[in-house]
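# Topology and contacts: notes
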Amino acid sequence: MRRILLPALVAGMCLSLAACSDEKKVEAKNESVAEVAKKVAASDIRFTPGRWETTVKIEKMEIEGISPEAKAAMQQAMGQARTMSSCLTKEQVEKPNSEFFGQVGDGCKYDSFTMAGGKLDAKMTCKTASGEQVVTMGGTYTPESYDATMNMDGKGPNGKAMAMAMSMKSKRAGECTGAEDVTPQPPAK
């Protein structure tokens, strides 16, 4: 799996789930990430700007042909949730673009995308040098929190079969501080 895809999809989920109106709806079929971003902007769905704290947990990670040592390290890491923070600005809320949805690259396209009534349901296909990856996302949201899952099946490094499942929980934690994370960190205890 390309190194950028996982954090990019997490970021996209984090930002795309924070809509604040149950009566507005965005639907797309066979459209690029940029086209979906345009639909969100045109729908007048608005997100709550501020600092968002997101906890991500990898529930499953399987890679064909992985060494026993690497598999043991992955299993140990899977049980640990990671928390990261991000700043969603007023400008990003008012004019979302393709970067708003995670910078997933030109090879990705939404097969389907529905965001309405406090629910998100999406399926994306990404074509990479390793092969094709199919990502499904679903979850529920309120104006200032969400709970979502993501499943990915496809080809990872060297064309090996790969399957991953992860869960994400996020909440708005106030105003941006300027000290938001760039990479996930273990949650505070």
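Whatever comes next refers back to the structure up there.
Report follows, based on the coordinates. From a predicted model like this one, the values you see are computed outputs, not experimental measurements.

## Brief notes about the pairing of strand β5 (residues 119-128)
On a regular strand, one side chain projects to one face of the sheet and the next to the other, so that they alternate. Pairing of strand β4 (residues 108-116) with β5 involves 8 bridges; the strand directions are antiparallel. Bridge assignment links Met115 to a residue of β5, and that residue is Leu120. Linking β4 back to β5 in an antiparallel pair, the connection comprises 2 residues, with Gly117 at a positive phi of about 55 degrees. Relative to strand β6 (residues 131-142), β5 runs antiparallel, the two being bridged by 10 bridges.

## What about the pattern of salt bridges?
All told, the structure shown has 7 salt bridges when counted by the stated rule. For Glu27, the salt bridge is made with Lys25, and the minimal N-O distance between the two is 3.7 Å. For the salt bridge of Lys127 with Glu132, the shortest nitrogen-to-oxygen distance reads 3.8 Å. Residue classification places Lys127 among the exposed positions, given a relative accessible area of 54%.

## Structural notes on unusual backbone geometry
Backbone geometry places Asn30, a non-glycine residue, at a positive phi of 50 degrees. Assignment of secondary structure puts Asn30 in strand β1 (residues 25-32).

Rules used throughout
Residues numbered from 1 in each chain as written. Predicted model: local features only at pLDDT ≥ 70, side-chain atom pairs only at ≥ 80, totals over all residues. Heavy atoms only, no water. Pairing = 2+ DSSP bridges. Helix = DSSP H or I, 4+ residues; strand = E, 2+ residues; numbered from the N terminus. Salt bridge = Lys/Arg side-chain N within 4 Å of Asp/Glu carboxyl O. Buried < 20%, exposed > 50% of the residue type's maximum accessible area, 1.4 Å probe, protein only.

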